[in-house]
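# Descriptive analysis of the structure
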Amino acid sequence: QIRGTSGKYTSDGLTVRIETVAGERGRIYDRNGKLLVGNATHYDLIFEYGSMSDRRAEVNDALLECLEALAVTGNADKRVKGYFPLVRTDAGYEFSPSLSDSESNEAYYYSRFLSKNPKIGADASAEQVVEYICDKYSLAERFYSQSAIYELMRIYYDMERINFGYYQAYTLAEGFETTVPEEMALISYVSEHRTEGATLIRSSERVYYYDGYAEHILGKLGKISAENIDEYKDYPLDATVGISGCEKAFESYLRGS
């Protein structure tokens, strides 16, 4: 379930790279051995802590290059949006209405963000939060457009949410197939440009072979939410888990390793 890398130098000057890849989820069969739920291979665009630049400006540029790659190849819809508590308006920024609901996922993750960044008070305004994030990640208006700053803030906030680091990579976009021209174009684009920190990894997507049949029994997958986070303490925060039916009931058997 965990995606990430770590690296260190050995005494003979070689670099040792350890990578933990996502495990394929278990298949579900009926009593006659007919496959009901399986997996299809695809590629995800991820950003790795261990291979990114040490300079913040270069990291910012690399992330923007990834977003540009998604846009020019027509794959912007593949981007993983994540959670972000701020909304852009004509007047500036304001908090998302969902933060007023203390039980919402956005409110839960915002409280975690505040605990990690104690310099931001609980009563801080939206503009003060923006100022703090921009200062922390060197997002000056003289270097970046307002739209670029907004997109980078979204990414950095989500990176903090999932504890981005050596053992937890950040998924920028997912679900690319080599059989779709537009998606293959993105794979080629990333491979050719070799953006520092960005890489494509092989992953899997859940396939329900009899779509529409027994959905309430087989169940479905979803991201970990504030309501069920205690059930998945040993999972990365961006993991996909069973949220209903057999997918949830047999999660301990079906989860990848």
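Residues numbered from 1 in each chain as written. Predicted model: local features only at pLDDT ≥ 70, side-chain atom pairs only at ≥ 80, totals over all residues. Heavy atoms only, no water.

## Some thoughts on the packing of aromatic side chains
According to the stated counting rule, one finds 14 aromatic pairs in the structure shown. Both rings, one in Tyr232 and one in Tyr235, keep their centres 5.0 Å apart while their planes meet at 80°; by these two values the pair is edge-to-face. Across the pair, exposure class does not vary: Tyr232 and Tyr235 are buried alike. Aromatic side chains Phe250 and Tyr253 sit 6.4 Å apart centroid to centroid with 55° between the ring planes, which places their arrangement in the tilted category. Residue classification places Phe250 among the partly exposed positions, given a relative accessible area of 43%. On the basis of relative accessible area, Tyr253 is assigned to the exposed category, the value being 69%. Against the face of Tyr109 rests Arg161, its NZ or CZ located 4.8 Å from the ring centre. (Phe/Tyr/Trp six-rings, centres within 6.5 Å; stacked < 30°, edge-to-face > 60°. Buried < 20%, exposed > 50% of the residue type's maximum accessible area, 1.4 Å probe, protein only. Lys NZ or Arg CZ within 6 Å of the ring centre and 35° of its normal.)

## Comments concerning the confidence of the model for the protein
Chain-level statistics for the protein give a pLDDT mean of 87 and a share of 92% at 70 or above. By mean pLDDT, the top-scoring element of the protein is helix 3 (residues 126-136) (95), and the lowest-scoring one is strand 1 (residues 4-9) (53). (pLDDT = per-residue confidence, 0-100. Helix = DSSP H or I, 4+ residues; strand = E, 2+ residues; numbered from the N terminus.)

## A closer look at the packing of helix 1 (residues 56-72) against helix 4 (residues 146-161)
Interhelical geometry of helix 1 versus helix 4 gives an angle of 105° and a closest axis separation of 11 Å. Relative to helix 4, the element helix 1 is oriented roughly perpendicular. On helix 4, the residues touching Arg56, Val59, Asn60, Leu63, Leu64 and Leu67 of helix 1 are Ala148, Glu151, Leu152, Ile155, Tyr156 and Met159. The residue inventory of the contact of helix 1 with helix 4, partitioned by class, reads nine nonpolar, one polar and two charged. (Axes fitted to C-alpha atoms, helices over the stretch in contact; angles between N-to-C directions. Parallel < 35°, antiparallel > 145°, perpendicular 65-115°, else oblique. Contact = heavy atoms within 4.5 Å. Nonpolar A, V, L, I, M, F, W, Y, C, P; charged D, E, K, R; others polar.)

## Brief notes about helix 3
The α-helix advances 3.6 residues per turn, and as a result positions three or four apart in sequence lie on the same side. Ala126, Val129, Val130, Ile133 and Cys134 are the residues of helix 3 that are buried. Taken end-on, helix 3 shows its buried residues confined to a sector of 130°, consistent with a single buried face. More than 90 degrees from the buried face of helix 3, the exposed residues found are Glu131 and Asp135. Taken together, the buried residues of helix 3 touch strand 5 (86-89), strand 6 (92-95), helix 2 (105-116) and helix 4. (Arc of directions from axis to C-beta.)

## Notes on the pairing of strand 7 (residues 170-176)
Along strand 7, six of the seven residues are buried, which leaves the element largely enclosed by surrounding structure. Direction of pairing for strand 4 (residues 35-47) relative to strand 7: antiparallel, over a ladder of four bridges. Opposite Tyr43, over in strand 7, you have Phe176 as the bridge partner. (Pairing = 2+ DSSP bridges.)

## Quick notes on the packing of helix 2 against helix 4
Here helix 2 crosses helix 4 at 85°, and the two axes come no closer than 10 Å. Relative to helix 4, the element helix 2 is oriented roughly perpendicular. Taken together, the residues of helix 4 that come into contact with helix 2 (itself represented by Glu106, Tyr109, Tyr110, Arg112, Phe113 and Lys116) are Tyr157, Glu160 and Arg161. Of the residues contributing to the contact of helix 2 with helix 4, the split by class is four nonpolar, no polar and five charged.

## Digging into the side chain of Glu247
On the secondary structure map, Glu247 appears in helix 7 (residues 245-249). At a separation of 2.9 Å, a polar atom in the side chain of Glu247 contacts the side chain of Arg206. Setting aside its immediate chain neighbours within four residues, Glu247 contacts Arg25, Ile28, Val37, Arg206, Tyr208, Leu218, Gly219, Lys220, Leu221, Gly242 and Leu254. (Polar contact = N/O pair within 3.5 Å; in protein donor to acceptor, adjacent residues only side chain to side chain.)

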